[in-house]
Every structure is written in C-alpha cells, then in structure tokens.
Amino acid sequence: METKWLEDFITLAQTKNFSKAANLRCVTQPAFSRRIQALEGWLGCELIDRGSYPTRLSAQGEVFYEQALAMLEQIRQARTIVRGGSLQSRHPIRLVVPHTLACSKAPYWISSLKTKLADRLPDLSFQLTASNVHDAVLYFTDGASDFLVCYHHSREPIELDPGKFEFRLLGVERFSPYTAKDEAGDALYALDPLAPLPVPFLSYSKHAYLSKMTDMAFEAGPVFLKKTLYETDMSESLKSMCQAGLGVAWLPESAVAGDSGLCCIPSPYFIDMEVRLYRRSQRNRDAPAGQEHVDLAWHYWPD
C-alpha cells in the first residue's frame, strides 16, 4: 500500500468526482482510477459505489475514509518525531504554505513572530511544510497543520467551509510578467508584436494554481509569446530561468523583491492576488497542549 493511494482516496471522497480528483492530484483520470483500484485490491473490498452517479463511497468506503485520515496523520506524526524528537515535548507551530510563499514570505513571518513572542514563548519553534496549493489545502483540512497561508482569487477561490475555518487577509500581491535585463539595463524582452526578438514563454505546469492566474492575466489582450520553452510547477525555478535570460515568466512580486537582475515588463497582463492566513475556527477545534502557541501566533501574525 502506498501513501499516495490514501491521498488519492481522500481527494476522491471529498470531491465525489473522478475527473476533478484526478486533476487535483495532477494525474490522468485512467492512472487515478488504477490507483484507486490498487487500494481496493490491497484492502480486498470496493470503496466506491460504482452503481451510482454522481460518485459516492460504498459502506466500506465511508468507514475507511476516517481510517485513511487517521493513517495519514500517524504517518506525518511519525515523520515529525524521527526528524526532531517527541511531539509532546515540542509543540511547534505547524504551518503549510505553497512553495513560492515558503521561499519569499515564510522567513519574514517566522522571524517576526519569534521577535514579537520572545518574552512569552522563548522556546517557540516552527514546522513548515511547502507544497503545491491543492496538497497544502488538503494537508491543512486533514488536521496536519495549524495554519495554512495561500494565494486566493475570487475567480479561483480556495473553498473552505466558513463554519469550520476562518481567515485573515495578510495583503495583496501583484502577479506580473518579468524578464532579465540586457547589458544596458533595459528589459531583454517586451510583450509587443513589433519587438525585434521573439518572446520565449516560461510557463507553469497546467495543474499549478499560478498557471490559472497566468491564464487570467492573458485575458487582457493578445499576448505575443513564442512557444513554451520551459514548464514547471515552481515559481522559483521559473525565476532562475528568467534570470538566465531564457524568456518571460509571470512571477509574484515577493518572489523578485530585491532582485536587481529582473525587471517587470510594463503591460496590462497582471493579476492581483490576496494572501490569506487560515486556521480552524474556535468552535471547530479541540484545545490540545500547546494551543496557546497557535492562538498567540494568530493574534501577532505580521501582514
């Protein structure tokens, strides 16, 4: 049995749609279906009621769903223990964020919280998990993290039950096209049909959240780009390719802050995204040891 089978099953149970679940898990639907069947084969029972539509769990599937959540949490706790000691003795603030924010914003958040809470919580520590947006949300809703920080846009919302989760708006971040500079310090590429150079496109993988933001930015008008040169899930990788002068990449402004080698291309092709901090609402969580750490961090979290 593979851990990813459990994650696949949980996603299917929550979406109740094979196609949507496969898309969220970044695999083709046939491959996703085979992984669900492999899990059923390992268990020796059917988890999905294939005689109904829309998709729903079988009686065995309903029982196994709760067990799958518990199994994943036990696996994550075991990893925490072997990486840094007893869970009971540490009580770190558990934070899950997309890769981009883990690199650009997390050091500032952690440094600021350590400073603000130094007198009250001198031994405060953090456990940060960086992931794609979908897996970050799943990790958080499964109870494996105290906080989720992620991007949000009204047209591609992070859909969390407001009765169970609450959020704070940390700010708004602009998502714009960037290019390296030439020897004269000017933009190496321009999004202009009359520009002398073709514009290689450095793209996000189609399942990435920021790929959807790029598509929305393109709606401002025709974009004159060469065929995609490079594709990845991670903005840090696109930034490196952009720094090397290999093309144009859409990047969050925090990812390029202080980088004198890149410049934003003036254009209408940008999107403003919210940066949100989520936690469980007071009435939807227990009060385990160390919960005061979480409450104080929520109160003092920097914008």
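Remember, predicted model here, so these are calculated numbers, not experimental data.

Quick notes on the rules
Residues numbered from 1 in each chain as written. Predicted model: local features only at pLDDT ≥ 70, side-chain atom pairs only at ≥ 80, totals over all residues. Heavy atoms only, no water. Buried < 20%, exposed > 50% of the residue type's maximum accessible area, 1.4 Å probe, protein only. Helix = DSSP H or I, 4+ residues; strand = E, 2+ residues; numbered from the N terminus. Arc of directions from axis to C-beta. Contact = heavy atoms within 4.5 Å. Salt bridge = Lys/Arg side-chain N within 4 Å of Asp/Glu carboxyl O. Pairing = 2+ DSSP bridges. Axes fitted to C-alpha atoms, helices over the stretch in contact; angles between N-to-C directions. Parallel < 35°, antiparallel > 145°, perpendicular 65-115°, else oblique. Nonpolar A, V, L, I, M, F, W, Y, C, P; charged D, E, K, R; others polar.

Caption draft 1: Region of the structure containing helix H7 (residues 106-116). The set of residues buried in H7 consists of Ala106, Trp109, Ser112 and Leu113. Down the axis of H7, the buried set is contained in an arc of 135°. They therefore lie on one face.

Caption draft 2: Local environment of the environment of Ala255. Summarising the element assignment, Ala255 is placed in the loop between strand E7 (248-252) and strand E8 (262-264). Separated by 122 residues in sequence, Ala255 and Val133 place their C-alpha atoms 16 Å apart. Ignoring any residue separated from it by four or fewer positions in sequence, one finds Ala255 in contact with Thr100, Ser104, Glu173, Glu236 and Lys239.

Caption draft 3: Region of interest: the pattern of salt bridges. Scanning the model with the defined rule gives 14 salt bridges in all. In this structure, Arg168 engages Asp303 in a salt bridge whose closest nitrogen and oxygen atoms are separated by 3.6 Å. Of this pair, Arg168 sits in strand E4 (residues 165-180) while Asp303 sits in the segment after helix H11 (291-300); the two residues are 135 residues apart in sequence, bridging distant segments of the chain. Residue Asp303 is classed as exposed on the basis of its relative accessible area, which comes to 58%. Of the charged contacts, one joins Asp295 and Arg279 as a salt bridge, the two residues approaching to 3.3 Å between their closest N and O atoms. With a gap of 16 residues between them, Asp295 in helix H11 and Arg279 in strand E9 (residues 271-280) connect regions that are remote in the sequence. Since its relative accessible area comes to 7%, Arg279 is described here as buried.

Caption draft 4: Molecular detail of unusual backbone geometry. Of note in the backbone geometry, Lys16 takes a positive phi value of approximately 55° without being a glycine. Judged by its relative accessible area of 47%, Lys16 is partly exposed. A positive phi angle, near 60°, is found at Cys26, a position not held by glycine. If you trace the backbone, Cys26 turns up in the loop between helix H2 (18-24) and helix H3 (29-43).

Caption draft 5: Quick look at the pairing of strand E1 (residues 93-98). Of all six residues in E1, five are buried, a share of seventy percent or more. Taken together, the two bridges between E1 and strand E3 (residues 147-152) define a ladder with parallel strand orientation. Its bridge partner lying in E3, Val96 is registered against Leu148.

Caption draft 6: Broad picture of the packing of helix H1 (residues 3-15) against H3. Where H1 meets H3, the axes come as close as 9 Å, and the angle between the chain directions of the two elements is 110°. Between H1 and H3, the angle is such that the two are roughly perpendicular. Facing Lys4, Trp5, Leu6, Asp8, Phe9 and Leu12 of H1, the residues of H3 in contact are Phe32, Arg35, Ile36, Ala38, Leu39 and Trp42. Looking at the contact of H1 with H3 residue by residue, the classes come out as nine nonpolar, no polar and three charged.

Caption draft 7: Up close: the side chain of Ser211. Structurally, the position occupied by Ser211 is in helix H9 (residues 209-218). Judged by its relative accessible area of 9%, Ser211 falls in the buried class. Contacts of Ser211, omitting those with residues within four sequence positions, involve Tyr204, Ser205 and Lys206.

No statement about biological role is implied by the geometric values presented.
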